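Report on the structure
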Amino acid sequence: MTAVPKPVPQPKEPKRLQSRPKLIDKSVTAAVFSRDSFTCQWCEVPGGALDAHHVQRRSQGGKDVAANLISVHRLCLRYIHEHPTAAKHRGFLA
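The notes below deal with the structure included here.

What counts as what
Residues numbered from 1 in each chain as written. Predicted model: local features only at pLDDT ≥ 70, side-chain atom pairs only at ≥ 80, totals over all residues. Heavy atoms only, no water. Core = buried A, V, L, I, M, F, W, Y, C linked by side-chain atoms within 4.5 Å. Buried < 20%, exposed > 50% of the residue type's maximum accessible area, 1.4 Å probe, protein only. Helix = DSSP H or I, 4+ residues; strand = E, 2+ residues; numbered from the N terminus. Contact = heavy atoms within 4.5 Å. Phe/Tyr/Trp six-rings, centres within 6.5 Å; stacked < 30°, edge-to-face > 60°.

Observations regarding the nonpolar core
One finds Cys40, Trp42, Ile70, Val72, Ile80, Ala87 and Phe92 to be the most contacted residues of the largest nonpolar core, which totals 13 residues. Contributions of two or more residues to this core are made by strand E2 (69-73) and helix H2 (74-82). Take this core: its biggest share by element is three residues, from H2. When neighbours within four sequence positions are excluded, Phe92 is seen to be in contact with Gln41, Trp42, His53, His54, Val55, Ile70, Val72, Ile80 and Ala87. Ranked by size, the runner-up nonpolar core spans five residues in total, among them Ile24, Val28, Val32 and Leu69.

Topic: the packing of aromatic side chains
Considering all chains together, one arrives at three aromatic pairs under this definition. Residues Trp42 and Tyr79 carry aromatic rings whose centres are separated by 5.6 Å and whose planes lie at 50° to one another, so their mutual orientation is tilted. Placement of the pair is Trp42 in the loop between helix H1 (26-35) and strand E1 (50-54) and Tyr79 in helix H2, with a sequence separation of 37 residues. When its relative accessible area of 36% is taken as the criterion, Tyr79 is described as partly exposed. Among the aromatic residues, those joined into a ring-pair cluster are Trp42, Tyr79 and Phe92.

Bear in mind that shape data such as this cannot, by itself, settle questions of function.
Shown next, in the form of structure tokens:
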């Protein structure tokens, strides 16, 4: 009797995004960066790669308007999303 070979698990391919992320209008981000003097509002360091961060998340009904956006560095944005309690305490998340 011949031995049946064990199946070899195949690595899974990453799933493709079904939709593109919605980008904030460039004129709105420019107004937010200008209002914030091109300074990260989290670490208060000027310049660098800034992103417009939603204080009230889109999933919670937040809009892409300057009143709901603040300028933060990309690294600071990552920290905000990884530490929501600290971000809420400082007013960076609603």
